[in-house]
Amino acid sequence: MKLEAVTIFPEYFDSLKLSLLGKAQSAGLIEIAIHDLRAFADGNHKSVDDTPYGGGAGMVMKAEVWGAALDPILSSKSELIILTPAGKKFNQAMAQELSQAEQIVFACGRYEGIDSRVTDHYRAQGISVREVSIGDYVLGGGEVAAMVMIEAITRLIPGVLGNPESLAEESHNEDGFLEYPNYTKPANWRGIEVPEVLLSGNHGEIAKWRATQAIKRAQENQ
């Protein structure tokens, strides 16, 4: 899989060279390319934004700059992700779906967002375009949201996780439940005991306890 991001702050993505993602790149499982949007802007100031038609606060990122940046890297096989608080909520099911893609391109907006004609244009060209949000809150830009999505998507690619069995029990699984509480040694920490059932060696009872706790946690965190 090839993952690409277009941003005015390429340095945001330096952390993708670390840990499992760094190893996955070294192993050739994924390829990551980061593009500086300002490299596609004209003029001495390399301006990427302008005032919005109709008035209002803030600035809007120019369609012409985004077009110049995206045209060379998009194809009929691309998934273009435009990060916006107004987009569809990202979840585990979407991560699973996107983990099958050949190429994902993240458009990291700033200010009041990207000119909406960028979405309209590439959809009209037959490109798969998704406007995506990672939650009901507003960030300074799309870079952090893109990294969240990259982490969630790439860990589902075979070989990226050191232990593939970790995927069998996810914090957000297909049944909609959250993961049960986890514990490790020592059995007593600051007077708090590990639940006795986990020390029993009775795997049937442990499985029942974990299922009950997963349902309880989901209910408590709704």
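Values in this document were obtained by computation on a predicted structure and should not be read as measured data.

Reading the values: the criteria
Going along each chain's sequence as written, the residues are numbered from 1 onward. Local features are withheld for residues below a pLDDT of 70 in this predicted model, meaning they are given only at 70 or higher, and side-chain atom pairs are given and counted only at 80 or more; totals for whole chains, interfaces and linings count all residues. The basis for the side-chain values is all heavy atoms of the structure; hydrogens and waters are excluded. Comment: elements are numbered from the N terminus, with helices defined as DSSP H or I runs of at least four residues and strands as E runs of at least two. When a residue's accessible area, from a 1.4 Å probe over protein chains only, is under 20% of the maximum for its type it is buried; when over 50% it is exposed; and in between it is partly exposed. Contacts between residues were defined by any pair of non-hydrogen atoms, one from each residue, lying within 4.5 Å. Here a polar contact is recorded for every N or O atom pair within 3.5 Å, except that within protein the pair must consist of a potential hydrogen donor and a potential acceptor, and residues adjacent in sequence are included only if both atoms are side-chain atoms. Buried Ala, Val, Leu, Ile, Met, Phe, Trp, Tyr and Cys residues form a nonpolar core when they are joined through side-chain atoms within 4.5 Å. Within this analysis, the arc is defined by the directions that extend from the helix axis to the C-beta atoms. With a 1 Å grid spanning the protein atoms alone, the term cavity applies to any set of points in which a 1.4 Å probe fits but cannot get out, the term pocket to an open set with protein on both sides within 12 Å along at least five of seven lines, and the term lining residue to any residue with an atom within 4 Å of a point. Grid points are joined across faces, edges and corners, and a volume is the space filled by probe spheres set on the points. The nonpolar class holds Ala, Val, Leu, Ile, Met, Phe, Trp, Tyr, Cys and Pro. Asp, Glu, Lys and Arg form the charged class, and all remaining residues, Gly among them, are polar. Strand pairing requires that DSSP identify at least two bridges connecting the strands. Orient the strands so they point away from the viewer; a crossover is then right-handed if the path from the first strand over the helix to the second runs clockwise.

Undergrad: Where do I start with the side chain of Thr154 in this structure?
TA: Among the structural elements, Thr154 can be located in helix H5 (residues 142-154). Thr154 gets classed as buried once you look at its relative accessible area, which sits at 1%. For Thr154, the contacting residues outside a window of four places in its chain are Leu3, Leu21, Ile30 and Val160.

Undergrad: Teacher, can you tell me more about the side chain of Ser133 here?
TA: For Ser133, the position within the fold is in strand S7 (residues 128-133). A distance of 2.8 Å separates a polar side-chain atom of Ser133 from the backbone oxygen of Gly135. When residues no more than four places from it in sequence are discounted, the contact partners of Ser133 are Thr84, Pro85, Gly87, Lys88, Lys89 and Phe90.

Undergrad: Can you help me understand the nonpolar core in this one?
TA: The nonpolar side chains of a soluble globular protein tend to be buried, and buried together. In this structure, Ile81, Leu83, Phe90, Ile104, Phe106, Met149 and Ile153 are the most contacted members of the largest nonpolar core, which totals 30 residues. Only strand S1 (2-7), helix H1 (19-26), strand S5 (78-89), helix H3 (92-98), strand S6 (103-107) and H5 provide two or more residues apiece to this core. The element best represented in this core is H5, accounting for seven residues. Non-local contacts of Phe106, meaning those with residues more than four positions away in its chain, are made with Leu3, Glu4, Ala5, Val6, Ile81, Leu83, Ala146, Met149, Ile150 and Ile153. Judged by nonpolar contacts, the second largest core, of 21 residues, contains Leu37, Ala107, Ile114 and Val129.

Undergrad: For this particular structure, what's the right way to read H1?
TA: In an α-helix, one turn spans 3.6 residues; hence positions three or four apart end up facing the same way. Listed as buried for H1 are Leu21, Gly22 and Ala24. Around the axis of H1, the buried residues are gathered within 160 degrees of arc, so they sit on the same side. Facing away from the buried side of H1, by more than 90 degrees, are the exposed residues Ser19, Lys23 and Ser26. Buried residues along H1 sit in contact with H5. Of the residues trailing H1, Gly28 is marked for its positive phi of about 80 degrees.

Undergrad: Quick question: what am I supposed to make of the layout of surface pockets here?
TA: Over the atoms a probe the size of a water molecule is rolled, and this reveals where empty space is left. Put simply, the largest pocket is a space of about 440 Å³. Along the walls of the largest pocket sit 27 residues, with Leu83, Thr84, Pro85, Ala86 and Gly113 positioned nearest its centre. Taken as a whole, the second largest pocket spans an internal volume of roughly 250 Å³. Looking at the second largest pocket, the residues that line it are Asp50, Thr51, Pro52, Tyr53, Val60, Met61, Lys62, Ala63, Glu64, Asp115 and Arg117. Counting residues per element, the ones that place at least two in the lining of the second largest pocket are strand S4 (60-61) and helix H2 (63-70). Grouping the constituent residues of the lining of the second largest pocket by class yields five nonpolar, one polar and five charged.

Undergrad: Looking at this structure, I do not really get the pairing of S6. What am I missing?
TA: A regular strand places its side chains so that they alternate between the two faces of the sheet. Within S6, five of the five residues are buried, which leaves it mostly tucked inside the rest of the structure. Along S6, one buried face is formed by Gln103, Val105 and Ala107 and the opposite face, lined by Ile104 and Phe106, is buried too. Two elements, S1 and S6, share five bridges in a ladder whose sense is parallel. By the bridge assignment, Val6 is partnered in S6 with Ala107. Alignment of S5 against S6, held across five bridges, turns out to be parallel. Pairing of Leu80 across the sheet is with Val105, part of S6. Each parallel crossover has a hand, and the one from S5 via H3 to S6 is right-handed.

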